[in-house]
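# Inside the fold
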Amino acid sequence: MTQVPTFAVVGHPNKGKSSIVSTLAHDDSVRIAPEPGTTRVCRRYPMCLDGRVQYVLVDTPGFQRARPALAWMRERETSASLHRAVVEAFVASFRGSGRFDDECELLGPVLEGAGILYVVDGSVPYGPEYEPEMEILRWTGEPSMALINPIGAADHTEAWRAALAQYFKIVRVFDALTAPFEKRLELLRGFGALHEEWREPLAQAVGALERERVQVRERVARLIAELLVDMLTLSVSKPLPEGADPRDFERALEQEYQQALRAREREARREVEQAYGHHELERLEESVALADSDLFQVEHWVLWGLRRGQLIASGAAGGALAGGALDLAVGGASFLLGTAIGAAAGGAAALWSSQRLERARIQGLPLGGRELRCGPTRNPNFPWVVLGRALHHHARLAGRTHADRGALALDPARGAPDWVERIGRERRDALERCFASLRSGAADALLSQDLARLLGPVVLAADAAPGI
Ligand SMILES: Nc1nc2c(ncn2[C@@H]2O[C@H](COP(=O)(O)OP(=O)(O)OP(=O)(O)O)[C@@H](O)[C@H]2O)c(=O)[nH]1
Ligand SMILES: [Mg+2]
């Protein structure tokens with residue numbers, strides 16, 4: 001037996017073998033595709049945590065010609081005690097011959113001592129064509145488990161269970177694409193039952209995964225805190241040429257300001273995705289477009305966290321709005337924010353229709369001349385919108401498996417996330433006090449730490465709430 005628990009994920013082509021590897025190894029570099037024959041050679045994916053390899057998943061090609069392979073083996077069978085030797089002889093005879101390439105390739109890691117995870121699709125009916133595959137695997141004598149991965153909507157699980165039980169002592173249902181974290185841990189513990197020597201290392205791996213998850217979320221809280229500090233203190237400026245009319249530059253500078261905020265938000269998204277090991281999310285553009293809603297779609301602001309007037313109440317309690325609320329010139333209309341929040345989303349959108357978060361303003365420079373400056377925004381809703389969006393993105397990501405290569409849709413209109421509303425009153429007030437300090441020009445490292453500390457439990461509880 002190999003020392004580090006190692007599992008070869010095997011089965012028919014296109015049944016989600018690579019998806020299972022990707023989900024359990026937390027690795028989004030595993031190739032997954034709708035066409036059969038995507039995986040042609042074995043590849044090992046070690047799961048490294050706490051500075052060591054906890055377990056290894058081996059992705060393998062699917063069986064292509066299991067029936068003739070088994071026929072060859074049967075011709076040479078003399079007794080059950082020699083079954084494994086016959087499988088070894090099969091691989092030795094055909095490796096590199098151009099016949100049975102896939103069978104030889106996938107049996108390699110099994111004969112080297114990897115545990116067998118046999119994957120089937122529980123949404124298609126059982127058929128006898130799977131029996132030669134299962135028989136060959138049984139002949140290797142290695143510890144094994146069957147996983148029913150429901151790819152489609154139809155449910156043939158019971159027929160599969162009955163058939164698989166003939167060949168495998170342990171049969172589990174495991175959805176490679178959507179398995180929540182707890183289900184993944186449960187499966188790993190189950191692998192420990194395959195072989196006594198693996199029980200302890202797998203229990204340790206489960207502990208390491210749990211610790212890592214907490215560490216990742218602490219890091220995410222810090223990333224969101226840094227994002228908030230930067231978004232609330234960011235400004236752009238442009239020196240005005242002698243005699244120039246500032247109105248000629250105003251719109252362009254406002255656009256530049258919005259672009260800078262968007263870019264900073266995108267950077268934070270990427271950092272959070274990387275903290276979860278989702279490196280490919282934005283790179284694979286055709287299949288994984290990040291279907292985000294825009295930060296300046298003001299009609300969405302109400303959905304991001306400005307519902308039912310709670311925020312404004314919290315802001316007032318923090319003293320942030322005293323005297324300031326009436327300067328909220330958005331598109332030239334000055335209005336009391338409470339009115340907008342009390343109104344339906346559509347009404348608020350109408351008030352904010354010009355979508356100008358901040359107007360450029362002129363200021364004199366110490367050495368003479370003038371400059372046009374846009375930002376930092378003093379809009380008290382802005383940090384809550386940034387926070388609501390960041391918490392929603394995190395929640396969508398926290399439950400996502402690495403096998404899921406679909407677009408990460410973040411449109412609040414498709415199910416309004418109420419992350420901000422779920423933050424308790426006291427914590428909201430404390431957050432609002434931090435935002436107020438940032439608005440008044442304080443932006444030191446301590447403030448960022450305070451924010452991260454306040455956000456820690458909110459980020460940690462991301463899966464306690466229902467997703468959209
Ligand atoms: N909905 C859904 N789709 C899945 C699931 N598992 C796999 N798929 C899809 O099924 C297709 C095949 O998945 P793969 O993981 O590449 O399958 P494979 O067994 O490795 O395929 P080969 O390497 O070609 O033998 C991909 O389009 C996956 O996205 C699942 O649990 N649910
Ligand atoms: Mg594959």
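Please read these numbers as outputs of a predicted model, since none were measured by experiment. (Residues numbered from 1 in each chain as written. Chains lettered and ligands numbered in written order. Predicted model: local features only at pLDDT ≥ 70, side-chain atom pairs only at ≥ 80, totals over all residues. Heavy atoms only, no water.)

### Observations regarding the overall build of the protein chain
A tally of regular secondary structure across the protein chain gives 17 helices and 11 strands. Counted over contacts in the protein chain with a minimum sequence separation of 6, partners at least 24 positions apart contribute 74%. (Helix = DSSP H or I, 4+ residues; strand = E, 2+ residues; numbered from the N terminus. Contact = heavy atoms within 4.5 Å.)

### As for the sheet that holds strand 3 (residues 52–59)
Pairing within the open sheet is mixed, and its 6 strands lie in the order 2-3-1-4-5-6. Strands with a single pairing partner mark the edges of an open sheet, and in this sheet they are strand 2 (43–49) and strand 6 (170–173). The mean inter-strand angle of the sheet, taken between neighbouring strand axes irrespective of direction, is 25 degrees. The sheet contact formed by strand 1 (residues 6–11) and strand 4 (residues 115–121) spans 5 bridges and is parallel. Among the inter-strand pairings, phenylalanine 7 is bridged to a residue of strand 4, identified as glycine 115. (Pairing = 2+ DSSP bridges. Axes fitted to C-alpha atoms, helices over the stretch in contact; angles between N-to-C directions.)

### Thoughts on the packing of aromatic side chains
Under the definition given, this model contains 12 aromatic pairs. Between phenylalanine 7 and tryptophan 198, the ring centres sit 5.0 Å apart and the planes meet at 65 degrees, which makes this aromatic pair edge-to-face. Of the two residues, phenylalanine 7 sits in strand 1 while tryptophan 198 sits in helix 8 (residues 196–233), which places them 191 residues apart along the sequence. Of the two residues, phenylalanine 7 and tryptophan 198, both sit in the buried class. Seen from the ring of phenylalanine 100, arginine 65 lies directly overhead, with NZ or CZ sitting 4.5 Å from the centre. (Phe/Tyr/Trp six-rings, centres within 6.5 Å; stacked < 30°, edge-to-face > 60°. Buried < 20%, exposed > 50% of the residue type's maximum accessible area, 1.4 Å probe, protein only. Lys NZ or Arg CZ within 6 Å of the ring centre and 35° of its normal.)

### Here we look at the packing of helix 8 against helix 9 (residues 247–275)
It is the contact of helix 8 with helix 9, at a shortest axis distance of 10 Å, that shows an interaxial angle of 175 degrees. As summarised for this structure, helix 8 and helix 9 are arranged roughly antiparallel, according to the angle between their axes. Residues Val216, Arg219, Val220, Leu223, Glu226, Leu227, Asp230 and Met231 of helix 8 touch helix 9, and the partners they reach there are Leu261, Arg264, Glu265, Ala268, Arg269, Glu271, Val272 and Ala275. Broken down by class, the residue content of the contact of helix 8 with helix 9 amounts to 9 nonpolar, no polar and 7 charged. (Parallel < 35°, antiparallel > 145°, perpendicular 65-115°, else oblique. Nonpolar A, V, L, I, M, F, W, Y, C, P; charged D, E, K, R; others polar.)

### Comments concerning the pattern of salt bridges
Throughout the structure, instances matching the rule amount to 20 salt bridges. Linking aspartate 102 and arginine 40 is a salt bridge whose minimum nitrogen-to-oxygen distance equals 3.2 Å. Here the residue aspartate 102 occupies a position in helix 4 (residues 101–111), and arginine 40 occupies one in the loop between helix 1 (17–25) and strand 2, the gap between them amounting to 62 residues. Since its relative accessible area comes to 9%, aspartate 102 is described here as buried. Residues joined by salt bridges that share partners form a network here, namely Arg74, Glu135 and Arg138. (Salt bridge = Lys/Arg side-chain N within 4 Å of Asp/Glu carboxyl O.)

### Here we look at the environment of arginine 251
By the secondary structure assignment, arginine 251 is in helix 9. With relative accessibility at 44%, the residue arginine 251 sits in the partly exposed group. For the pair arginine 251 and alanine 360, spaced 109 residues apart in sequence, the C-alpha to C-alpha distance is 7.9 Å.

### Quick notes on the coordination of the magnesium ion (ligand 2)
Coordination of the magnesium ion (ligand 2) by the protein involves Ser18 (OG) and Thr39 (OG1), with metal-donor separations of 2.0 Å. Note that serine 18 is positioned in helix 1 and threonine 39 in the loop between helix 1 and strand 2, a separation of 21 residues in sequence. Of the two residues examined, serine 18 and threonine 39, each falls in the buried class. (Donors = N, O, S within 2.8 Å, 3.2 Å for Na, K, Ca; no water.)

### What about the confidence of the model for the protein chain?
Looking at the protein chain, the pLDDT average stands at 83 and 81% of residues meet or exceed 70. Here residues 283–291 is modelled with pLDDT under 50, and outside its nearest four sequence neighbours on either side it reaches 17 contacts, counting other chains as well. (pLDDT = per-residue confidence, 0-100.)

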